[in-house]
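Letter by letter, the chains look like this.
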Amino acid sequence: MFAYVFIGILFLFVIVKCIQYGWHRKKSLDPATIDKALLGMLNSERDQA
Amino acid sequence: MNKRNSKTPVFLKSYDKTKYRYEKLKVCKKCHAFTILGDTTCPNCGKPHLIPVEEQAERNAKHAMHTTVLIAVCIGLISILLSSTLLQMVLCGIASIVLIGVLWIVQRNVLDAECLRALDKLFHANEKNVQDGIIHDYKAAIDNWDTDKQRCYEMLREISTLLHNDMIRIRQLTLLQTFLLRKDMDLELEPLLVRKYEPVLVEYIGELAKIKRDLIKDRTFQYIMAYEPEIMGQEQGRDILTAVAGATVRMKHYVRSYSGLVRRYAYNLPKDRFLRLYQMIEQYPNEDWGRLSEEVMRIYTEKYQWDPDFQQKGQRGHTI
Ligand SMILES: [Zn+2]
């Protein structure tokens, strides 16, 4: 019986992970945004032009 | 001594422009120091462990994915071990393989998105390290200020990919003014424009207006116009303003947008520049040139009326 419980847990784990990956992909960051964030981190707002 | 003679001839390395600025950044696998200057050797620990940040992000993303698969395998194994019959064992085995297979396929499909996410996370988790790394690079560049100006400039040029402030721009401009600039050099202008009036920048613009006019674009013309009175008071200021006015005749858009500047310095333009301006105005008589067309006509009449280069257009010229 415990074996099926663990298969259930594995099923849920895989589903949760797949939903998480799908969510990340949907909200996908584009490289230009990362670039901008990096510039923001290194320069004051005034200097970012 | 002649100012130009005191300049050093240099052969600057070409600057590799990357699509995204972070592509220039590297990180040490061992000590997690960041640098924009290192090739393979870490400036912090001295070991050859530098890799591009994207590679580190991919490693991190893959590591997280492998951990997820490992957890899934463990859960699958536990279910097999807890099976009380052979049938249960076989069923659990098949179910585990199918579920882990699905997970693996999904992971393969989202790898790119996960890598970008890992890159963003890498920068945010290491904000201080990134800042320290760039400051360290800046100090390393300035260490060469007196001994190797060319190296110092090349280093500052790399650092300025990520660090944008007037201090680093003025440093670069000061170094550039010690070099004998040539047409074939990999030079830049717009990234070096500073916020206030800066004679060393004006001198540099003046040189580019002679050797690399194509670098002079809208932002530079606007800068020159904003500080025209200050430039006028500077050594060779009038020559610089004339050279910049000469750079506008590359495009109709520039002449029209900065017609005031062109009008004020048209009289001293070299003949080839003036001829081009004259031809442009003649070619587009219906364009709104403001008072520029009158001034050009006046200069034409005064200086070039009998010039053979202007002759073929002479007749029509009177109609401007
Ligand atoms: Zn290191």
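In the block above lies the structure referred to throughout.
Being a predicted model, the structure only gives us computed values, none of them experimental.

1. Section: the overall build of chain A
Assigned secondary structure in chain A consists of two helices and zero strands. Residues counted as buried form 35% of the 49 residues belonging to chain A. As displayed, chain A has an accessible area near 3200 Å², and 68% of this comes from carbon and sulfur atoms.

2. A look at the packing of aromatic side chains
Residues and elements named next belong to chain B. On inspection of all chains with the given rule, the structure shows 13 aromatic pairs over all chains. Ring centres 4.6 Å apart and planes at 15° place the aromatic pair Y304 and F310 in the stacked group. Exposure remark for Y304: the relative accessible area of 8% places this residue in the buried category. Here F310 falls in the buried class, since its relative accessible area comes to 0%. Here the aromatic cluster, defined as three or more aromatic residues joined through ring pairs, consists of F274, Y278, Y300, Y304 and F310. Here the guanidinium or amino end of R171 rests over the ring plane of W145, the centre of that ring lying 5.0 Å away. Above the face of the Y267 ring, K303 is positioned so that its terminal group lies 4.4 Å from the ring centre.

3. Quick notes on the interface of chain B and chain A
Facing the 44 residues of chain B at the interface are 31 residues of chain A. Both faces considered, chain B and chain A share a buried interface measuring about 3600 Å² in area, 72% of it formed by carbon and sulfur atoms. Our count for the contact surface shared by chain B and chain A stands at zero salt bridges. Linking chain B to chain A there are nine residue pairs in polar contact (both at pLDDT 80 or more). Where the side of chain B that touches chain A is concerned, the elements lending two or more residues are α1 (53-81), α2 (86-109), α3 (111-125) and α4 (127-142) of chain B. The leading source of residues in the side of chain B that touches chain A is α2 of chain B, at 10 residues.

4. Observations concerning the side chain of N165 of chain B
Residue and element names in this part refer to chain B. Tracing the sequence through the fold places N165 in the loop between α5 (149-159) and α6 (166-176). In this structure the side chain of N165 is engaged in a polar contact, spanning 3.1 Å, whose partner is the backbone nitrogen of M167. Among the polar contacts made by the side chain of N165, one reaches the main-chain amide nitrogen of I168 at a distance of 2.9 Å.

5. Overview of the coordination of the zinc ion
Residue and element names in this part refer to chain B. Distances from the zinc ion to its protein donors, namely C28 (SG), C31 (SG), C42 (SG) and C45 (SG), fall within the range 2.2 to 2.3 Å. Coordination at the zinc ion comes from four donor atoms whose angles at the metal span 105 to 119°, giving a geometry best classed as tetrahedral. Between consecutive donor residues of the zinc ion, the sequence gaps follow C-x2-C-x10-C-x2-C. Placement of the pair is C28 in strand β2 (residues 26-28) and C42 in the loop between β3 (34-35) and β4 (50-52), with a sequence separation of 14 residues. You'll find C28 and C42 in the same group, each marked buried.

6. Some words on the pattern of salt bridges
Residues and elements named next belong to chain B. Summed over all chains, the structure comprises 16 salt bridges over all chains. One salt bridge connects K26 with D39, and the closest N-O pair in it is separated by 3.7 Å. Here the residue K26 occupies a position in strand β2, and D39 occupies one in the loop between β3 and β4, the gap between them amounting to 13 residues. What makes D39 exposed here is its relative accessible area of 57%.

7. Overview of unusual backbone geometry
Notably, H32 of chain B is not glycine yet its phi reads approximately 60°, a positive angle. As for its position among the elements, H32 of chain B is in the loop between β2 and β3.

8. Looking at the packing of helix α13 (residues 271-283) of chain B against helix α14 (residues 292-304) of chain B
Residues and elements named next belong to chain B. The geometry of α13 relative to α14 is characterised by a closest axis approach of 10 Å and an angle of 130° between their N-to-C directions. The orientation of α13 relative to α14 falls into the category oblique. The two elements α13 and α14 meet at a crossing, and its hand is left-handed. For the pair α13 and α14, the contacting residues are K271, F274, L277, Y278 and I281 in the first and L292, S293, V296, I299, Y300 and Y304 in the second. Residues that form the contact of α13 with α14 fall into these classes: nine nonpolar, one polar and one charged.

About the thresholds
Residues numbered from 1 in each chain as written. Chains lettered and ligands numbered in written order. Predicted model: local features only at pLDDT ≥ 70, side-chain atom pairs only at ≥ 80, totals over all residues. Heavy atoms only, no water. Helix = DSSP H or I, 4+ residues; strand = E, 2+ residues; numbered from the N terminus. Buried < 20%, exposed > 50% of the residue type's maximum accessible area, 1.4 Å probe, protein only. Areas by Shrake-Rupley, 256 points an atom, 1.4 Å probe, with all protein chains shown as cover. Phe/Tyr/Trp six-rings, centres within 6.5 Å; stacked < 30°, edge-to-face > 60°. Lys NZ or Arg CZ within 6 Å of the ring centre and 35° of its normal. Contact = heavy atoms within 4.5 Å. Buried area = accessible area lost by both parts, 1.4 Å probe. Salt bridge = Lys/Arg side-chain N within 4 Å of Asp/Glu carboxyl O. Polar contact = N/O pair within 3.5 Å; in protein donor to acceptor, adjacent residues only side chain to side chain. Donors = N, O, S within 2.8 Å, 3.2 Å for Na, K, Ca; no water. Tetrahedral: all angles 85-135°; square planar, octahedral: opposite > 155°, others 65-115°. Axes fitted to C-alpha atoms, helices over the stretch in contact; angles between N-to-C directions. Parallel < 35°, antiparallel > 145°, perpendicular 65-115°, else oblique. Left-handed = near helix turned anticlockwise from the far one by under 90°. Nonpolar A, V, L, I, M, F, W, Y, C, P; charged D, E, K, R; others polar.

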